[in-house]
Amino acid sequence: MTAPSSAPAVRPHRDDTVLGVLRSPRLLTREALAGIVTTLALVPEVISFSVIAGVDPMVSLVASIVLALVMSLLGGRPAMVTAAAGSVALVIAPLVRAHGVEYVLPAVLLAGVIQIAFGTAGLARLMRFIPRSVMIGFVNALGILIFMAQVPHLIDVPWIVYPLFVLTIVIVVLLPRLTKAVPAPLVAIVVVTVIVVAAGLDVTTVGDEGEMGGGLPGLTPWLVPFSLETLGIILPTALSVAFVGLMETLLTAKLVDDITETPSRKGKESWALGVANIAAGAYGGIAGCAMIGQTVVNVKIGRARTRVSTVVAGLFLLLLVTALSEVMARIPMVALAAVMMIVAISTVDWHSVRPSTLRRVPIPETLVMVVTVAVVVATDNLALGVAVGVLLAMVLFARRIAHVIRVERTVEGGAARADDGAPGSAGPGRDASVRYDVIGPLFFGSSNDLVEHFSYADDPARVTIDLTRASVWDASSVAALDAVGTKYAAHGVEVEFVGLDERSTEFHGRLTGRLGS
């Protein structure tokens, strides 16, 4: 018999921890390359978003550096990319047009404070109320928006752009079949850039999207008075920035949770976003949130799993903005557009729109998904689409659950049972007893017609209403039960309510008889 080896077992490196990545050259290379590819995909969007917001491109780039690094250190969702985002730019733009860019700083600082309060109060748990159909609509709409944002780079351009576009697609699609050591998008971007520079081709580059500076600005100066008037100007924008940023960030965190099959700390992510926005406002000048498309690049294409990738992304962006600004300016937009189009296609949940899936999924859930997509695409506002989708889902759910309540009538002594106690049916003798079993949740949607389920004129002098399989959730339900008791009293019938759980008993006892007629 061979003696067991005394050598300690070699523990495999975990690819979802920073320490595991730092100990493994292979994992470290994967995370670093993912961060570099993500940065290259980030730059043109950040610059274009700065144009939307009405601020200098350098403001958005520097803010993105701060956001990426701070969130890498403090955030609750590793590998998620945070930068100056389009949704925030859309919210800030009206403030800049109406009052000037100097009001952006106080608005961003106030938004950061709101986000910190949101996170520390534990309100991120509200994310659990976003239905799966809304989440799928959010993801599908995101893919559509990312794809549509790239289309202008392929319209009214020199013919040479199209071969470069095809070349980028071919490299990104086919290279992973040969090797995954280097991210295919990075190889494609480098190859196409070298071809354009070497051949002197006249195509649109990153530098054409906005001026590339060679240095960093200082702290953002405060240029507005400390006054209630200033607060009145910035408060609506600050609230919008705070909640739009939180919504997109938390939805993106949930998406990454699903992709990586790992949990995130969404409360921590919320207050960390507030801290990062305060830092970005003070040194940069604009707010941001999770960048969904770039996060998909980092996690799906780059296969990143830790904070190392986002630290590398922030540091590489810093390098591009300072020492390598001229190199960054020469990257062809067609290469970046092709990469983002592939990201968009991979982002869409194609299973959700297959005919076989649509036949199985309930129509209300499909409707919620379609409406969410339609609102997002029509408004370019992911947060608005999610809000409308959640509201519609709530209405449809309330309508559906309002019809699940059931009342069963039983005559004491083994008499036949008649479901729903149809009024007007032949009743037992007045010396008998009747029990009604109420089954289902009682709330405003289901309790409004509760009074119609009882045979007031036909029932004997003693009636028991058993609520063991029901729960009382609101004042409408208490009022409905009071109305049932009142109708029985008018017929000289003694009614007893039994079976309520402790919470429902306390709630019913507090309100019964006090809600008026």
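What counts, and at which threshold
Along each chain, residue indices are assigned from 1 in the same order as the chain's sequence is written. Per-residue local features of the predicted model are confined to residues with pLDDT of at least 70, and side-chain atom pairs are confined, for both listing and counting, to 80 or more; whole-chain, interface and lining totals are unaffected and use all residues. Side-chain numbers here rest on the full set of heavy atoms in the structure, without hydrogens or water. Helix and strand labels come from DSSP, where a helix needs a run of H or I of at least four residues and a strand needs a run of E of at least two; each type is numbered from the N terminus. For each residue, the accessible area found with a 1.4 Å probe, counting protein chains only, is set against the maximum for its type, and the residue is called buried under 20%, exposed over 50%, and partly exposed in between. Only protein atoms enter the 1 Å grid used here. Points where a 1.4 Å probe fits but cannot escape make up a cavity, open sets with protein on both sides within 12 Å along at least five of seven lines make up a pocket, and a residue lines them when an atom lies within 4 Å of a point. Grid points are joined across faces, edges and corners, and a volume is the space filled by probe spheres set on the points. Residue type decides the class: Asp, Glu, Lys and Arg count as charged, Ala, Val, Leu, Ile, Met, Phe, Trp, Tyr, Cys and Pro as nonpolar, and the leftover types, Gly among them, as polar. The pairing criterion for strands is at least two bridges between them, as found by DSSP. Residues grouped as a nonpolar core are buried Ala, Val, Leu, Ile, Met, Phe, Trp, Tyr and Cys residues, joined through side-chain atoms within 4.5 Å. Two rings from Phe, Tyr or Trp (for Trp, the six-membered ring) form a pair when their centres sit within 6.5 Å of each other. Planes less than 30 degrees apart are called stacked, planes more than 60 degrees apart edge-to-face, and all others tilted. What pLDDT conveys is the predictor's confidence in a given residue, as a value from 0 to 100. Two residues qualify as a contact provided that any one of their heavy atoms is within 4.5 Å of a heavy atom in the partner residue. The patches described consist of residues with a relative accessible area above 30% and no salt bridge, like charges being joined within 9 Å and nonpolar side chains (Val, Leu, Ile, Met, Phe, Trp, Tyr) within 5 Å. Per-residue accessibility takes into account occlusion by the displayed protein chains alone, with areas from the Shrake-Rupley method and a 1.4 Å probe. One speaks of a salt bridge when a side-chain nitrogen belonging to Lys or Arg is within 4 Å of a carboxyl oxygen belonging to Asp or Glu. To get an axis, fit a line to the C-alpha atoms, keeping to the stretch in contact for a helix; angles then go from 0 to 180 degrees between the N-to-C directions. Any angle from 65 to 115 degrees is called roughly perpendicular, while one under 35 is roughly parallel, one over 145 is roughly antiparallel, and all others are oblique. By convention, the crossing between two helices is left-handed when the near helix turns anticlockwise from the far helix through less than a right angle, and right-handed when the turn is clockwise.

Draft legend 1. Geometry of unusual backbone geometry. Even without a glycine there, the phi angle at A79 is positive, about 75°. Tracing the backbone through its elements, the reader meets A79 in the loop between α3 (57-74) and β1 (82-83). A residue is classified by how much of its surface remains accessible, and A79, at 2% relative accessible area, is buried. One non-glycine residue, D156, adopts positive backbone phi at about 55°. Tracing the backbone through its elements, the reader meets D156 in the loop between α6 (132-150) and α7 (161-178). Take D156: its relative accessible area is 77%, and that puts it in the exposed class.

Draft legend 2. Seen up close, the layout of surface pockets. In this structure, the largest pocket encloses a volume near 720 Å³. Lining the largest pocket are 31 residues, and of these E45, F49, G86, L145 and A149 lie nearest its centre. Taken together, the elements giving at least two residues each to the lining of the largest pocket come down to α2 (25-53), α4 (86-99), α6, α12 (292-301) and α15 (333-347). Class assignment for the residues of the lining of the largest pocket results in 18 nonpolar, nine polar and four charged.

Draft legend 3. Focus on the pairing of strand β5 (residues 433-442). Most of β5 is tucked away: eight of the ten residues are buried. In terms of strand pairing, strand β3 (residues 406-411) meets β5 through six bridges, oriented antiparallel. Bridge pairing in β5 links R409 to Y436. The sheet contact formed by β5 and strand β6 (residues 462-466) spans five bridges and is parallel. Of the residues in β6, the one forming a bridge with D437 is D466. By the bridge criterion, three bridges tie β5 to strand β7 (residues 470-472) in an arrangement that is parallel. Pairing of L442 across the sheet is with V472, part of β7.

Draft legend 4. Structural context of the nonpolar core. Residues L40, V43, I92, F138 and V206 are the most contacted members of the largest nonpolar core, which totals 105 residues. With 25 residues, the next largest nonpolar core counts V438, V478, F507 and L511 among its residues.

Draft legend 5. Representation of the packing of aromatic side chains. Counted under the stated rule, the structure contains six aromatic pairs. Seen from their ring centres, W222 and F226 are 4.5 Å apart, and the 5° between their planes marks the pair as stacked. For F226, a relative accessible area of 71% corresponds to the exposed category. Aromatic ring contacts, followed pair by pair, group Y436, F454, Y456 and Y488 into a single cluster.

Draft legend 6. Layout of the confidence of the model for the protein chain. Of the residues in the protein chain, 91% have a pLDDT of 70 or more, and the chain-wide mean is 84. Note that residues 1-13 has pLDDT below 50 and, in this model, four contacts with residues that lie over four places away or in other chains. Note on residues 414-426: pLDDT is under 50 here. Beyond four places in sequence and across chains, it has 27 contacts.

Draft legend 7. Quick peek at the environment of I259. The residue I259 is located in helix α10 (residues 228-260) in this model. Exposure remark for I259: the relative accessible area of 25% places this residue in the partly exposed category. Taking the C-alpha atoms as reference, I259 lies 17 Å from I342; in sequence the two are 83 residues apart. With residues near it in sequence (within four places) discarded, I259 still touches V299 and K300.

Draft legend 8. Up close: a nonpolar patch on the surface. A cluster of nonpolar residues, L228, L231, L235, L239 and F243, forms a patch on the protein surface that exposes about 460 Å² of accessible area. Mapped onto the elements of the fold, L228 is located in helix α10. Take L228: its relative accessible area is 73%, and that puts it in the exposed class.

Draft legend 9. Representation of the packing of α3 against helix α13 (residues 307-321) within the structure. Running from N to C, α3 and α13 point in directions that differ by 155°, and their axes come no closer than 8 Å. It follows from the interaxial angle that α3 and α13 lie roughly antiparallel. Viewed along their axes, α3 and α13 form a crossing whose handedness is left-handed. Residues M58, L61, S64, I65, A68, L69, M71, S72, L73 and L74 of α3 pack against R307, T310, V311, G314, L315, L317, L318 and V321 of α13.

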